[in-house]
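Notes for the structure review
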Amino acid sequence: MEGRTHYAAAVTEELIGQTVTVAGWVHRRRDHGGLIFIDLRDRTGLVQIVAEPVHAENFAELDRVRAEFVVAITGMVRARPIGMENPELASGRIEIEPLRVTILSEAKTPPFMPAEAENVDEMLRLKYRYIDLRRPSLLGNFMLRDKVLMAVRSFFHAHGFLDVETPSLARSTPEGARDFLVPSRLAPGEFYALPQSPQIFKQLLMVAGFDRYYQIAKVFRDEDLRADRQPEFTQIDVEMSFMSQSEILDMMEAMLRQVFYESLGVEVAPFERMTWQQAMEGYGSDKPDLRAGEPLMDLTSAVRAHIAWPVLQAAPFAGGAVMRHYQPTRKQLDGWVEFAKGQGASGLIWIVKSGEGLRTSAGKWLDEQALQHLAAAARLGTDDTLMIVAGEKFPSLAVLGQMRLEFARQEKRIEDGWRFLWVTEFPLFEWSEEEQRLVSAHHPFTMPHPEDIDLIATDPLRVRSQAYDVVLNGTELASGSLRIYQPELQAKIFAALGLDPEETEEKFGFLIHAFQYGAPPHGGIAFGLDRLVMLMAGARSLREVIAFPKTAKGVDPLMNAPSPVSTSQLDEVGIQIKK
Ligand code: ASP
């Protein structure tokens, strides 16, 4: 072909009268009163080609092209006739009159047209992902992803971080998901594990004195792919030495703000900060969406003082969610009761304040004056509604937190903008009902809060950690922590987790040994890159920001993976498949 001189979107009025060569896919072909119109598509957009029968040779060639053929067209740029301009396109004021047409590649009728892909079954789209990816909206997501990565790298480079790669053939790391295993041929019966994160390696790099590390790392977790997850995904993985928690938070906040500025042109406000306790009490969630209205409230004493209902008197906690400027119908109120029950509450009490006074579902248990007091305790305005849930504290708050979100969604009260939040002081341990033992809330290398060290032995579930999350608009974007770097403290934590010394030696020995050779204080964090780009792009699913994603069943319909392998391949790694 003749060398391309211009991208489609670059062919504008300045080029009128000049000859250009464009190349790309036939987006659309129309015959109109003896003329052939072609919309030629490339990565930048569309440009219109108009051929007239007088140019017999080109005309015949263009007459042959069909949707998705690949062509190169050399032609003269001319202004579109008055009234025929398309303000939506960068090239919308011009068209190209073809002088030379080359069909570079023919195309079968595609299973779907890129422009219509949005309405096509996802399995089909993933099977023909290269056609699906021709959609400009998807392409836009990858352009954004590229910008984000450029901004991330330039930030880290400017701040002295080294980009270091760590192995993919590794062994189990402590993120707590199931490993993907890779059988070893050279050691039959033995397996590598694909890393769930570079956690141990990055800590070893700190022991090595690298001081500041980052990596755009592919990581693997074999989880049931509920909701929107992918078995392999990308982390912006970071670790730093000799920095306090607040210095780490400041550094990472600066990174994200730079990323937003450079890739979206958005100046993000300084992140809000709250402890895990404050998040749970204020929003019933460790990832509050701050765009969805005011926090929840603790109404325990007000409820006890004013509602005589024995069930409520006995409840350890009562919380409230105020729905401002909301006058629900009876049917809507019943809907909220059902919603609360669906979330696990045993019941819901509502109080509606209007010009006519107060109404409540608990009328039997409180008189007008008590109702007034309760409404005042919740600072109810004249057209507000109050929802009360009582019971165990955190479960009740969780229900109210869900109601707060659902209300904001239903009534379109979610504010615009980017609300970033640091949540700090997560609990160090959680109780696993399944395993009947303590497990790490983050991972076992997380540094406990200095004030809570003594509680490890006496009241472990009350131990706070120096772990932190970044939350953006109600989505968890990153998790990290200061790390334990003293072998004795680490041993204490392993003991609390019920791991015996042999087990810890076998699982994490290499890290504990490393700590005996001079370990700096260090800490880090990992961001979910796919999720970050998804939010920034306003995409609905991770699959819109990953070029070749898997389905919810972990299948890649394009390559047909996973797939059986030959017996000889299995023999080489000493594996026999159980039927
Ligand atoms: N490795 C952790 C994770 O992937 C993050 C960290 O602590 O840096 O969740």
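The paragraphs below set out a description of the structure included in this document. Note that the structure is a prediction, hence the values are computed from the model and not measured.

Once that is clear, we can look at the sheet that holds strand S6 (residues 162–163). Spatial ordering of the open sheet is given by S6-S9-S10-S22-S21-S20-S17-S11, a layout of eight strands whose pairing is mixed. The sheet is open, and its two borders are formed by S6 and strand S11 (272–275), each paired with just one other strand. Pairing between S6 and strand S9 (residues 212–220): two bridges, direction parallel. From the neighbouring strand, Asp 163 faces S9, where its bridge partner is Tyr 214. Along the sheet face, helix H5 (residues 199–207) touches S9, strand S10 (232–241) and strand S22 (522–528) and points at about 20° away from the line of S10.

Now for the site of the ligand. With respect to spatial proximity, 14 residues lie near the ligand, and among them Glu 175, Gln 199, Lys 202, His 442 and Arg 483 are the closest. Here an oxygen atom of the ligand and a side-chain polar atom of His 443 are 3.0 Å apart. Burial of the ligand by the protein amounts to 93% of the accessible area it has alone, namely 270 Å². Only H5, strand S21 (475–482) and S22 provide two or more residues apiece to the shell around the ligand. The dominant element in the shell around the ligand, judged by the number of residues it contributes, is S22, at three residues. Of the residues assigned to the shell around the ligand, the class counts are two nonpolar, eight polar and four charged.

Evaluation of the coordinates by the stated rule reveals 43 salt bridges. Between Asp 163 and Arg 153 there is a salt bridge, with the nearest N and O atoms lying 2.8 Å from each other. Residue Asp 163 is located in strand S6, and its partner Arg 153 is located in helix H4 (residues 136–158); the two are separated by ten residues in the primary sequence. In this structure Asp 163 comes out as partly exposed when scored by relative accessible area, which is 40%. Here Lys 287 ties to Asp 286 by a salt bridge, and the two come within 3.9 Å at their closest N and O atoms.

So, about unusual backbone geometry. In terms of backbone geometry, most residues other than glycine have negative phi values and most peptide bonds are trans. For the bond running from Ala 561 to Pro 562, omega is 0°, close enough to zero to count as cis. Checked against the element boundaries, Pro 562 lands in the loop between helix H16 (529–537) and helix H17 (567–572). Although it is not a glycine, Lys 412 adopts a positive phi angle of roughly 55°. Tracing the chain through its elements places Lys 412 in the loop between helix H12 (393–410) and strand S17 (420–424). Looking at Lys 412, the relative accessible area reads 72%, which means it is exposed. For Glu 425, which is not glycine, the phi torsion reads 55° and is therefore positive. Structurally, Glu 425 can be placed in the loop between S17 and strand S18 (429–432). Among the residues examined, Glu 425 registers a relative accessible area of 24% and is labelled partly exposed.

Core analysis: the largest hydrophobic core is formed by 64 residues, its most contacted members being Phe 156, Met 252, Val 470 and Phe 527. Sort the elements by how many residues they give to this core and helix H6 (residues 245–264) lands first, with eight residues. Residues within four places of Met 252 in sequence aside, it is in contact with Phe 156, Phe 161, Val 238, Met 240, Trp 422, Ile 525 and Phe 527.

Next up on the list: the environment of Arg 304. With respect to the element layout, Arg 304 can be found in helix H8 (residues 300–306). Assessed through its relative accessible area of 36%, Arg 304 is described here as partly exposed. Through-space distance from the C-alpha of Arg 304 to that of Lys 492 is 42 Å; in sequence the pair is 188 residues apart.

Among the surface-exposed residues, Tyr 130, Phe 548, Leu 558 and Met 559 lie close enough to one another that they form a single nonpolar patch of about 450 Å² accessible area. Secondary-structure assignment places Leu 558 in the loop between H16 and H17.

Our focus in this paragraph is the packing of H5 against helix H15 (residues 501–515). Closest axis-to-axis distance for the H5/H15 pair is 10 Å, and the angle between their directions is 15°. When the interaxial angle is binned, H5 and H15 end up roughly parallel. H15 is crossed by H5, and the crossing has left-handed handedness. Between H5 and H15, the residues in contact are Ile 200, Gln 203, Leu 204 and Val 207 and Phe 508, Phe 510, Leu 511, Ala 514 and Phe 515, respectively.

Bringing the environment of Leu 256 into the picture now. With respect to the secondary-structure elements, Leu 256 resides in helix H6. Residue Leu 256 is classed as buried on the basis of its relative accessible area of 1%. Spatially, the C-alpha atom of Leu 256 lies 9.3 Å from that of Phe 155, the residues being 101 residues apart in sequence. Among residues more than four places away in sequence, those in contact with Leu 256 are Phe 271, Phe 420, Val 470, Phe 527 and Leu 532.

Procedures and definitions
- Here the residue index of a chain counts from 1 through its sequence in written order.
- Only residues with pLDDT of at least 70 are given local features in this predicted model, and only at 80 or more are side-chain atom pairs given and counted; all residues enter the totals for whole chains, interfaces and linings.
- In computing side-chain values, all of the structure's heavy atoms are included and hydrogens and water are not.
- Any two strands between which DSSP finds at least two bridges are classified as paired.
- Runs of E in the DSSP output that reach at least two residues are strands. Runs of H or I that reach at least four are helices, and both are numbered from the N terminus.
- Whether two residues are in contact is decided by their heavy atoms, any of which lying within 4.5 Å being enough.
- Note on method: axes are straight lines fitted to C-alpha atoms, helices fitted across the in-contact stretch only, with angles between N-to-C directions ranging 0 to 180 degrees.
- Nearness is defined per residue: one heavy atom within 4 Å of the molecule or strand is enough.
- Two N or O atoms form a polar contact when they lie within 3.5 Å of each other; inside protein one atom must be a possible hydrogen donor and the other a possible acceptor, and for residues adjacent in sequence the pair counts only when both atoms belong to side chains.
- To be clear on the numbers: accessible area is Shrake-Rupley with a 1.4 Å probe, and residue cover counts the displayed protein chains and nothing else.
- Amino acids outside the nonpolar list (Ala, Val, Leu, Ile, Met, Phe, Trp, Tyr, Cys, Pro) and the charged list (Asp, Glu, Lys, Arg) are all regarded as polar, and Gly is one of them.
- The working definition used for a salt bridge is a side-chain nitrogen of Lys or Arg within 4 Å of a carboxyl oxygen of Asp or Glu.
- Whether a residue is buried, partly exposed or exposed follows from its accessible area with a 1.4 Å probe, protein chains only, as a fraction of its type maximum: under 20%, in between, or over 50%, in that order.
- Throughout, nonpolar core names a set of buried Ala, Val, Leu, Ile, Met, Phe, Trp, Tyr and Cys residues whose side chains join them through atoms within 4.5 Å.
- To count toward a patch, a residue needs a relative accessible area over 30% and no salt bridge; like charges are then connected within 9 Å, while nonpolar side chains (Val, Leu, Ile, Met, Phe, Trp, Tyr) are connected within 5 Å.
- Each angle is binned into one of four classes, with values under 35 degrees roughly parallel, values over 145 roughly antiparallel, values of 65 to 115 roughly perpendicular, and all other values oblique.
- The handedness criterion is simple: a crossing whose near helix is rotated anticlockwise from the far helix by less than a right angle is left-handed, and one whose near helix is rotated clockwise is right-handed.

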